[in-house]
Amino acid sequence: MKADIKHLQDTFKMGYEMYESSRREAREIVDMYHNAHYTQTELSTLANRGQPAETFNIIKMYTRHLVGYFSTIINSIKATPRTQKDVSTSAIITDILDYIQYTNDFERVSERLQIDAILQGLSCVYLDVEEQLDSSGEVRVDDFGRKLYDIKMNHVPAEEIVIDPYAKLDDYSDARFIHRFKWVSEEEVDSLFGVAKRK
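Residues numbered from 1 in each chain as written. Predicted model: local features only at pLDDT ≥ 70, side-chain atom pairs only at ≥ 80, totals over all residues. Heavy atoms only, no water.

Engineer: Lay out the overall build of the protein chain in plain terms, naming residues and giving numbers.
Structural biologist: When helices and strands are counted, the protein chain shows eight helices and four strands. For the protein chain, the α and β elements follow one another from N to C terminus as α-α-α-α-α-α-β-β-β-β-α-α. In summary, the protein chain has a C-alpha radius of gyration of 22 Å against a globular reference of 16 Å for 199 residues, an excess of more than 25%. Overall, the C-alpha framework of the protein chain stretches about 70 × 55 × 45 Å when taken along its three principal axes. (Helix = DSSP H or I, 4+ residues; strand = E, 2+ residues; numbered from the N terminus. Rg over C-alpha atoms; globule rule 2.2 N^0.38 Å.)

In C-alpha cells:
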C-alpha cells in the first residue's frame, strides 16, 4: 500500500496523541537529568535566598552507572555460526560489523541509545546505505568499476519518534508505522517548500 499525505497525517496524529502523556513524562525526566527542571519562579526564589540552583542528581548518577556497566559487558556485535560450515561466513560478517561500528563511532552512538532507553524508554538508530565519495565529490569505484558504499548509522533522538500505539512486540517489528518528526521554524518551511505551500 502506497501511503498518501492524508494517511501519514492520520497515523502521525494518532501516535502523537496516544503517547502525549508518556512524552511529557519523558521530557520531565530528561530535564531532571540535565538539572533543567527548575521553573523560573523557583530559580528566582533560590537566587533571592542566595542558594545555588543545584541538586544531588540521582537520575544522572544512576544513568551514568548503567551506561558504564553496559560498556563493560556489551563491547561489540558478533555473528555466531550455527553450524561448522558457517564459521568462515560468520567471521566475514563479524569483520563487516566491526568495520561498520568503527566507521560510525559506535561507542558514542551506543551511549546515546542507552541514555534514551534509560530516560525515555525508547531508543532508535537509523541505518542508511550511502555512496562513498572521494575528495573531489566523485563516487568511488572498485577495480571492476562497481560503486563503493558505506553503511551509515545515525542516532535518532527518542523525542523525534512517533510509533504505532497498537504495536505489540518489544522491537516494534509489527508496527504499521514509525514516524520521525522535527519542529522547524516557519521561515525554514518557507525556504524548503515555498510560501504558497503553507497557505
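Engineer: Tell me about the pattern of salt bridges, residues and numbers included.
Structural biologist: Counting across every chain of the model gives eleven salt bridges. For Arg24, the salt bridge is made with Glu20, and the minimal N-O distance between the two is 3.6 Å. With Arg24 and Glu20 both in helix H2 (residues 20-33) and four residues apart, the pair spans about one turn of that helix. For Lys147, the salt bridge goes to Glu131, with nearest N and O atoms at 3.1 Å. Taken together, the positions of Lys147 in the loop between strand E1 (124-131) and strand E2 (149-156) and Glu131 in strand E1 put the pair 16 residues apart, joining distant regions of the chain. What makes Glu131 partly exposed here is its relative accessible area of 35%. (Salt bridge = Lys/Arg side-chain N within 4 Å of Asp/Glu carboxyl O. Buried < 20%, exposed > 50% of the residue type's maximum accessible area, 1.4 Å probe, protein only.)

Engineer: Can you break down the packing of aromatic side chains residue by residue, with the values?
Structural biologist: Applying the stated criterion across every chain yields a total of five aromatic pairs. Pairing Phe12 with Phe181 gives two aromatic rings, centres 5.4 Å apart and planes at 80°, and the pair type is edge-to-face. Of the two residues, Phe12 is situated in helix H1 (residues 5-18) and Phe181 in the loop between strand E4 (178-180) and helix H7 (186-193); the sequence distance between them amounts to 169 residues. Under the relative-accessibility criterion, Phe181 is labelled buried at 12%. Where Tyr69 meets Phe70, the ring centres are 6.1 Å apart and the plane angle is 50°; that geometry is what we call tilted. By relative accessible area, which is 47% here, Tyr69 ends up partly exposed. Counting every residue linked through ring pairs, the aromatic cluster contains Phe12, Tyr16, Phe181 and Trp183. (Phe/Tyr/Trp six-rings, centres within 6.5 Å; stacked < 30°, edge-to-face > 60°.)

Engineer: Which residues make up unusual backbone geometry, and what are the values?
Structural biologist: Peptide bonds are trans in most cases, and residues, glycine excluded, mostly fall at negative phi. Phi is positive for Asn35, which is not a glycine, with a value near 55°. One can find Asn35 in the loop between H2 and helix H3 (40-49). Residue Asn35 is classed as partly exposed on the basis of its relative accessible area of 36%. Phi is positive for Tyr172, which is not a glycine, with a value near 60°.

Engineer: Describe in detail the packing of H2 against helix H4 (residues 58-73), supporting the description with residues and values.
Structural biologist: In a pair of packed helices, the angle between the axes and the distance between the axes together describe the arrangement. In contact at an axis separation of 7 Å, H2 and H4 are set at 90° when each is read in the N-to-C sense. Relative to H4, H2 is oriented roughly perpendicular. Touching Ile29, Met32 and Tyr33 of H2 are Ile59, Lys60, Thr63 and Arg64, all from H4. Its residues placed into classes, the contact of H2 with H4 shows four nonpolar, one polar and two charged. (Axes fitted to C-alpha atoms, helices over the stretch in contact; angles between N-to-C directions. Parallel < 35°, antiparallel > 145°, perpendicular 65-115°, else oblique. Contact = heavy atoms within 4.5 Å. Nonpolar A, V, L, I, M, F, W, Y, C, P; charged D, E, K, R; others polar.)

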